[in-house]
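Coordinate inspection notes
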Amino acid sequence: MATTNNVTELILLGFSPNQDVQKTISVMFLLMYTAIVLGNGLIVVTIMGNKGLTSPMYFFLGYLSFVEICYCSVTAPKLILDSFIERKIISLKGCITQIFFLHFFGGTEIFLLTVMAYDRYVAICKPLHYTVIMNRRACGLLVGAAWGGGLLHSVGQTFLISQLPFCGPKVLDHYFCDVHPVLKLACSDTFLIGVLIIANGGSISVISFTVLLASYVVILHALSTQTSEGRRKALSTCASHVAVVGLFFIPCSFVYMRPCVTLPADKIVAVFYTVVTPLLNPIIYSFRNAEVKNAMRRLIGRKVIWKEK
């Protein structure tokens, strides 16, 4: 397929053609993005700076929070800056780069969530062997596999999009570049590439969701033999993970596990997996966790004492 393009830039329509509405939305995104960076950044700093938070659960949580910051940073800053510009333009290379990083961090997050479900499975179903199975080396390998899986997924999606010729129109009805709206602008038959894109994203989602579902079915079965206190603690931890998984997987499945067509609801749905999930991650995972909250208080207390000195 030819890859010669006479389109070098794309125009993003954003959420609304009304500049005042767009600015209002951008202010909301600025507030949410600031909260995402501060909240998830605080989790990363707390876990890195506290010797008491060394269990695999916190090890994975630190990486998840870091990925959330990176993932949201792919789309939110440009939307915020575009509110000050009447003509919202992104170069074709910049658009493909945005797709690459969007799917790189998004794919990595999916694999990290799957790894965290496996960690909970081992902790609850094999408690006596937990420290042996989830040793530091194994945790490092699992995180490396998550990054590697995200990279392979992203390279696949980006390669398929980069093979398409773009000769007009060049108006993208979205607030960021993604495979489906960009695919719609290609001036050639995109059926085969569309199928491959769905197969790439869909297979990752299906496999990861199957592993997650199987882990929690086994965990729920194992909890029936534990004491009421043990069940309460385990369910509290698992409920947080299930909430994050639901907030991320359901919107992603709506967008990426269907034929390559764009729907009016796509922009709103995209907000959930690009902004809302990273925003709620610190609340769901950490601010309900007594150990993390106490570690944050100690960290902030040390900063205050250091400044007073």
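Keep in mind the model is a prediction, meaning the values are calculated, not measured.

Take the sheet that holds strand 3 (residues 171-172) next. Spatially, three strands are ordered 2-1-3 in an open sheet, and the strand pairing comes out mixed. Each having just a single partner strand, strand 2 (89-91) and strand 3 make up the two edges of the open sheet. Where strand 1 (residues 9-12) and strand 2 come together, three bridges link them in antiparallel fashion. In the sheet register, Ile11 faces strand 2, and the bridge partner there is Ile89.

Let us now look at the confidence of the model for the protein chain. The pLDDT averaged across the protein chain works out to 84; a share of 91% of its residues lies at or above 70. Mean pLDDT across the elements of the protein chain ranges from a minimum in helix 11 (residues 290-308), with 66, to a maximum in helix 6 (residues 136-162), with 94.

Before going further, it helps to spend a moment on the state of the cysteines. The tally for this structure, following the rule as stated, stands at two disulfides. Between the sulfur atoms of Cys95 and its disulfide mate Cys177 the distance is 2.1 Å. Its S-S torsion of about -120 degrees marks the bond between Cys95 and Cys177 as left-handed, since a negative value means left-handed. Separated by 82 residues along the polypeptide, Cys95 in helix 4 (residues 92-125) and Cys177 in the loop between strand 3 and helix 7 (179-183) bring together distant segments of the chain. With a relative accessible area of 1%, Cys95 lands in the buried category. The exposure class of Cys177 is buried, given its relative accessible area of 0%. In the protein chain, numbering the disulfide-bonded cysteines from first to last in sequence yields the connectivity 1-3, 2-4. Here Cys72 stays unpaired: no disulfide links it, and the sulfur of Cys70, its closest cysteine neighbor, is 10 Å away. For Cys72, a relative accessible area of 1% corresponds to the buried category.

All right, on to the UniProt feature "transmembrane region" (unreviewed entry) in the protein chain then. According to UniProt, the "transmembrane region" (unreviewed entry) feature falls on residues 25-45, 57-76, 96-118, 138-156, 191-222, 234-256 and 268-287. Summarising residues 96-118: 100% helix, 0% strand, and an end-to-end C-alpha distance of 33 Å. In residues 191-222, the share of helix is 100% and the share of strand is 0%. The end C-alpha atoms are 45 Å apart.

Approximately 280 Å³ is the volume attributed to the second largest pocket. Lining the second largest pocket are 14 residues, and of these Ile47, Met48, Phe59, Tyr63 and Arg136 lie nearest its centre. Listing elements by their share of the lining of the second largest pocket, those giving two or more residues are helix 1 (19-49) and helix 2 (56-73). Element by element, the count of residues in the lining of the second largest pocket is highest for helix 2, at five residues.

Here the focus is helix 4. Taking 1.5 Å of rise per residue, the 34 residues of helix 4 would be expected to cover 50 Å, and the 49 Å separating its terminal C-alpha atoms lies within 8% of that figure. With 24 of 34 residues buried, helix 4 lies mostly within the body of the structure.

Throughout the structure, instances matching the rule amount to two cavities of 30 Å³ or more. Within this model, the largest cavity holds a volume of roughly 150 Å³. If you go around the largest cavity, you meet 14 residues; those closest to its centre are His103, Gly107, Ile110, His153 and Tyr256. Secondary-structure elements contributing two or more residues to the lining of the largest cavity are helix 4, helix 6, helix 8 (191-223) and helix 9 (228-256). Per element, the largest residue contribution to the lining of the largest cavity is five residues, and it comes from helix 4. Among the residues making up the lining of the largest cavity, the classes are represented as seven nonpolar, seven polar and no charged.

We now examine the pattern of salt bridges. For the structure shown, the criterion picks out three salt bridges. Here Asp82 makes a salt bridge to Lys78, at a shortest N to O gap of 3.2 Å. Taken together, the positions of Asp82 and Lys78, both in helix 3 (residues 76-82) and four residues apart, correspond to about one turn of that helix. Among the residues examined, Asp82 registers a relative accessible area of 5% and is labelled buried. Between Asp119 and Arg120 there is a salt bridge, with the nearest N and O atoms lying 2.9 Å from each other. There is no split in this pair, since Asp119 and Arg120 are both buried.

Cut-offs applied
Residues numbered from 1 in each chain as written. Predicted model: local features only at pLDDT ≥ 70, side-chain atom pairs only at ≥ 80, totals over all residues. Heavy atoms only, no water. Pairing = 2+ DSSP bridges. Helix = DSSP H or I, 4+ residues; strand = E, 2+ residues; numbered from the N terminus. pLDDT = per-residue confidence, 0-100. Disulfide = S-S within 2.5 Å. Buried < 20%, exposed > 50% of the residue type's maximum accessible area, 1.4 Å probe, protein only. UniProt positions renumbered as here; feature names shortened; annotations may be inferred. 1 Å grid on protein atoms, 1.4 Å probe; cavity = no way out; pocket = protein on both sides within 12 Å on 5 of 7 lines; lining within 4 Å. Points joined across faces, edges and corners; volume = space filled by probe spheres on them. Expected span 1.5 Å × (residues − 1). Nonpolar A, V, L, I, M, F, W, Y, C, P; charged D, E, K, R; others polar. Salt bridge = Lys/Arg side-chain N within 4 Å of Asp/Glu carboxyl O.

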